[in-house]
Structure formats: structure tokens, C-alpha cells
Amino acid sequence: MVHQYKNNGYNIVLDANSGSVHVVDDVAYDIIALYEDHTPQEITAAILEKYADQPDVTETEIQETLRDIEQLKKDGRLFSEDTYENLAWDFKNRSTVIKALCLHIAHDCNLACKYCFAGKGEYCGDKALMSFEVGKQALDFLIANSGTRHNLEVDFFGGEPLMNFDVVKQLVAYAREQEKIHNKNFRFTLTTNGVLLTDEVMEFANKEMYNVVLSLDGRKETNDRLRVTRNGKGSYDMIVPRFQKMAELRHQEGYYVRGTYTHYNTDFAKDILHIADLGFKQLAMEPVVADPKEDYALKEEDLPVLLEQYDILAQEMLRRSRKGNGFTFFHYMIDLAGGPCIYKRISGCGVGTEYMAVTPWGDLYPCHQFVGNEKFKLGDVFHGIQNTELRDEFKLCNVYARKECHDCFAKMFCSGGCTANAYHATGSLTGTYQLGCDLHRKRIECAIMLKVAEAMDQESNTNEEHSL
Amino acid sequence: KRIQTLDTRNLAQSVNHGGCGECQTSCGIANQQCEQMKENQ
């Protein structure tokens, strides 16, 4: 499957099944568009007619381009076939180890963000803090079910995990003991709203946390509209200085300032740039996923504006990068040369199979976004997976299980998208959340464009050096 | 040149030496890095 698009002055051709990216001129762009459904003679005639006013577009040139395309096709770099579907089912059949847990260390929160999918951190249930005993059992469960996996991940999540900081510290210490015994490597992450981000917490996080997610929605008026304290006050002034200190202490690495955009700030690129202007270098901004009846929910008519925002953001990032003042945006980070293998790309995030969420009392759910919905309870950390039928249903959640993904160019970059979002939007684990898909396709296009720009900049710099 | 190809990992070739499962869980896939390739760098 070939996807062609123009972005920021570049003609880009993505061969979705091989992952190859080509940047081409107008003539090659048109030839590739005609290639599959027309004969070489028809293509030559059409191109000569279209470019009649350009003397360098000759029959010889067109023949040469056709030969280049044929060679790329032979090399599996263009018009390559999707031959991976059987791998998806085989891989899921044999892959049953667990390698990551999301520990709901606190079902309680000191903010009351209006869009929170966890309902003020309580997940539609009672307030609760995870005890050390439950957390320890969860870590033991993870080690016991991780097979030969060396790298294990544990997310401290909530609610607000820092409301149970002592247990976080105890669990990290326990895991560090156990990793030596079992030859494992724990990578911890912490997601926090910043209210309890003290110097002690920062020092601990900088020593032990592989990644920290800091929640901030952007401009003060954006953030304070929805991210409010229990008594309704905005949180921006309280948390920004703490986040700035944290980012500097982490040498601007191993963190994300992560925001949520809603119907109220469809001009979200301004919020991202505001966060960058505050001095942060690692940014993420996600569309709210909400009941359509909520006033802040994104609407279908918002889509053209949202898509344009991603272009505006990409162009500004490129401009800043060229001036030496760039920053990273989560969805525009793409490693074309060292990205994940095909098995990872087709099997997805591991929801309910490789990755699970643990409630404060030890119940297991497929992921943090299913917690609170009893019908998705898989078991608990004391007795293991008991609902194997449900787990097996999640095993089948891969890109080939979603019929809408079959002809989508982005399927190797999203693996079929977020199962939780799909379920909440459609009621089916193998559905697709269309608005999310539209946004993700755009983000992939922008991310690849930035890679193309980087490659072209490098090439022109090299050419300049050679001509000196 | 009319067509320039960027340096990309060929997904078809990763069939034979992928699937170790040591990479990070993803919540993303697009911006993920292969743990084996990182180690080899």
C-alpha cells in the first residue's frame, strides 16, 4: 500500500508495508500515482502532456524514473505487499508473558479536573490507597509471569500517585532488591499533577524514575478552565514553577509535560508552543476522549481546525529546530531507521496480555482505562488471571482484527489504535475510534514530513560543505 | 534525483530477527525504538 501526500512543500511517498519513505519531485509523484493502473506508454503520454512546458521532462527522463520505480518495487521498497497477517495470530498465540503493570497507587486526587476519565481519580468507586502488601504482591506477580523478559515496566498512576508517596518509595526499594535476584531491569514511570511535587519527590524521581509525566494543559486560561482544585481554583500558578524545576533537574530529558486539549482550545498548537516557551523540551498534547454530551468533548466539526493545528505545530517546530531552539513533541517522534519490528507493530500495545492495570486492592484490569468497569476484571494479583476467556479476547486485539484498518496507511504506525478508546466509542474491542484515527493519520504525516525535512537539510548542508 | 529514499528499517526483514519483546510497552508505537537496535548502536 502506497500513501502519497504533499506537506510543507515536500512530495512524500510512504510505502506502508515496508516502512520505506521516499521524497520525490512533481514528475515522480505523478508517475507513482499512475503506476499501478496504467501502462508505461499511458504514463509517458500523460506526463509529457502535463509537463509540456518543462523541457527537462523528456521521454528518456520518464523511462528512467519508471525504471527506478520498478527497481524499488523489486527491492520491496515500493508497492510492497502486506504479508504479515499470519504473524499477528501466531505471535499472539505464543506470547503470554506480562512485562508491564500500571499500579493504581492512589484512587484519590487533590485536583478535580473536569475531563478526568477516572472521575476525580476515584474510578467511579471509593477513594483508596494501595498498601505496600498489595503493591509487593503485584511486583511478585509481574516477575513470576514475565518469563525470560529482562526489561519490566511499572507505572505509578492514579488518581494522584504522590498522595501515596511512602508506598511508592517502598515498592521501588523492593523492586530494586528483586531485580538483582531475578535478573530483571525495572523501568519506573510516574504520572503526576504536580501538586505534591516537593524537592524530596524530585530528588527521588530523578534517581529512580525512567520517565515522569507532568500534567499541564498549556496557557493559563486553558489549564485553569478544566484543571482545578477541589474548591474550583486553577492549578497553573501552583504547578508550573515546580515542573520547570523538575525539568531542569532532569536535564530536560526523561519527562513529558503532557496536556489534554478539548473543544475549548481547538487552537491547541498555541498551548503547546506556550509550554515550549516556558522552557520545556519534551511535550505531549492529547485530544480529550469524552462522552459526546460533555460541553468540552471534541466534535466532528472541530476536525478541520485540529488537523490544521498539527500542520502549524510541525512547521513551527521545524522553524525552531533550524534556529537551534527545537523541542520534542510526543507524536512527532518517529524513528524510521530504528523503530519497532513488525511483530510489535502488528500486535499493538499489549493491553490485557503483556500489560495490565492493578487497582489499590489488587484487582487486575486490561489497562488503566478499563478500571472501574467490573466486566473487564481479569483476576487479581493474589490468584492471577482467572478470566482467561477475556484475556484471550484481548489477545486477538491486533491491527488485522479491525476491518477499518485494512486499507489504512498508518496501520504500521498505530497498530490499530487504542483498544480502550475504540471500546468507549463503539462498544467493541475491535472497533475503531474514527476521530482518533483521523488525528493520528495527520500526526503520522507530520512526523514523517519532519523526518524528510531533517534529511533534506542534512543533504543540503553536506552539499554546501563539498562545494566549499 | 527525482526519487530519494530515506534510511528506514525494512519491516519485512524484521520478520526474521524481531519479536524479542524487550521494547517498552506503548501507550507510542510510532515513536518507539527497538531495544536490540539501540544496543547494537
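Above this text is the structure in question.
What counts as what
- Residues numbered from 1 in each chain as written.
- Chains lettered and ligands numbered in written order.
- Predicted model: local features only at pLDDT ≥ 70, side-chain atom pairs only at ≥ 80, totals over all residues.
- Heavy atoms only, no water.
- 1 Å grid on protein atoms, 1.4 Å probe; cavity = no way out; pocket = protein on both sides within 12 Å on 5 of 7 lines; lining within 4 Å.
- Points joined across faces, edges and corners; volume = space filled by probe spheres on them.
- Helix = DSSP H or I, 4+ residues; strand = E, 2+ residues; numbered from the N terminus.
- Nonpolar A, V, L, I, M, F, W, Y, C, P; charged D, E, K, R; others polar.
- Buried < 20%, exposed > 50% of the residue type's maximum accessible area, 1.4 Å probe, protein only.
- Polar contact = N/O pair within 3.5 Å; in protein donor to acceptor, adjacent residues only side chain to side chain.
- Contact = heavy atoms within 4.5 Å.
- Axes fitted to C-alpha atoms, helices over the stretch in contact; angles between N-to-C directions.
- Parallel < 35°, antiparallel > 145°, perpendicular 65-115°, else oblique.
- Left-handed = near helix turned anticlockwise from the far one by under 90°.
- Pairing = 2+ DSSP bridges.

**Things to note about the layout of surface pockets**
All names here are of chain A.
- Reported here for the second largest pocket is a volume of approximately 770 Å³.
- Looking at the second largest pocket, it is lined by 30 residues, and the ones nearest its centre are V289, A290, D291, P292 and H424.
- Of all the elements in the fold, those that place two or more residues in the lining of the second largest pocket are α15 (419-426) and α16 (434-467).
- Taken together, the residues of the lining of the second largest pocket sort by class into 18 nonpolar, six polar and six charged.

**Section: empty space enclosed by the protein**
Residue and element names in this part refer to chain A.
- Computed from the structure, the second largest cavity encloses a volume of approximately 50 Å³.
- In this structure, the second largest cavity is lined by 11 residues; those nearest its centre are S347, G348, C349, V351 and C397.
- Broken down by class, the residue content of the lining of the second largest cavity amounts to three nonpolar, six polar and two charged.

**Side note on unusual backbone geometry**
Residue and element names in this part refer to chain A.
- Here the residue pair G158 and G159 is connected by a cis peptide bond, since its omega of 10° sits within 30 degrees of zero.
- Counting through the fold element by element, G159 comes out in the loop between β7 (151-157) and α6 (165-182).
- Although it is not a glycine, F79 adopts a positive phi angle of roughly 55°.
- In this fold, F79 is placed in the loop between α3 (59-74) and α4 (85-94).

**A look at the side chain of A:T229**
Residue and element names in this part refer to chain A.
- Residue position: T229 is located in the loop between α8 (220-226) and α9 (236-249).
- What makes T229 buried here is its relative accessible area of 14%.
- Within the structure, the side chain of T229 is placed 2.5 Å from the side chain of N231, a separation counted as a polar contact.
- If we skip the residues at most four places from it in the chain, T229 touches N110, L111, A112 and M238.

**Looking at the packing of helix α5 (residues 132-144) of chain A against α6(A)**
Residue and element names in this part refer to chain A.
- Contact geometry of α5 with α6 gives a least axis separation of 10 Å together with a crossing angle of 30°. As summarised for this structure, α5 and α6 are arranged roughly parallel, according to the angle between their axes. When you trace α5 past α6, the crossing you get is right-handed. When α5 is examined against α6, the residues F132, G135, K136, L139, D140 and I143 are found in contact with a partner set consisting of V167, Q170, L171, Y174, A175, Q178 and H182.

**Brief notes about the sheet that holds strand β2 (residues 10-15) of chain A**
- The antiparallel open sheet is built from four strands, whose spatial order is β1(A)-β2(A)-β3(A)-β1(B). Lying at the two open borders of the sheet, with one neighbouring strand each, are β1 (2-7) of chain A together with β1 (3-5) of chain B. For this sheet, the mean angle separating the axes of adjacent strands, direction not counted, is 25°.
- Summarising the sheet, β2(A) and strand β3 (residues 20-24) of chain A pair through five bridges and their orientation is antiparallel. Looking at β3(A), one finds that A:D15 is bridged to A:S20.
- The strands that α3(A) touches are β3 of chain A together with β1 of chain B; relative to β1(B), the one it contacts most, it runs at about 25°.

**Focus: the sheet that holds strand β13 (residues 355-358) of chain A**
All names here are of chain A.
- Strands sit in the order β12-β11-β10-β9-β8-β7-β4-β13-β14-β15-β16 across an open sheet of 11 strands; the sheet is mixed. The two strands at the open ends of the sheet, each matched to only one other strand, are β12 (328-329) and β16 (384-385).
- Both strand β4 (residues 100-104) and β13 contribute to a ladder of four bridges, which runs parallel. Counterpart to C102 in the pairing with β13 is A357.
- Of the strands in this sheet, β10 (255-261), β11 (282-287) and β12 touch helix α10 (residues 268-277), which is tilted by about 160° from β11.

Such coordinate-based values are descriptive only and should not be taken to indicate function.
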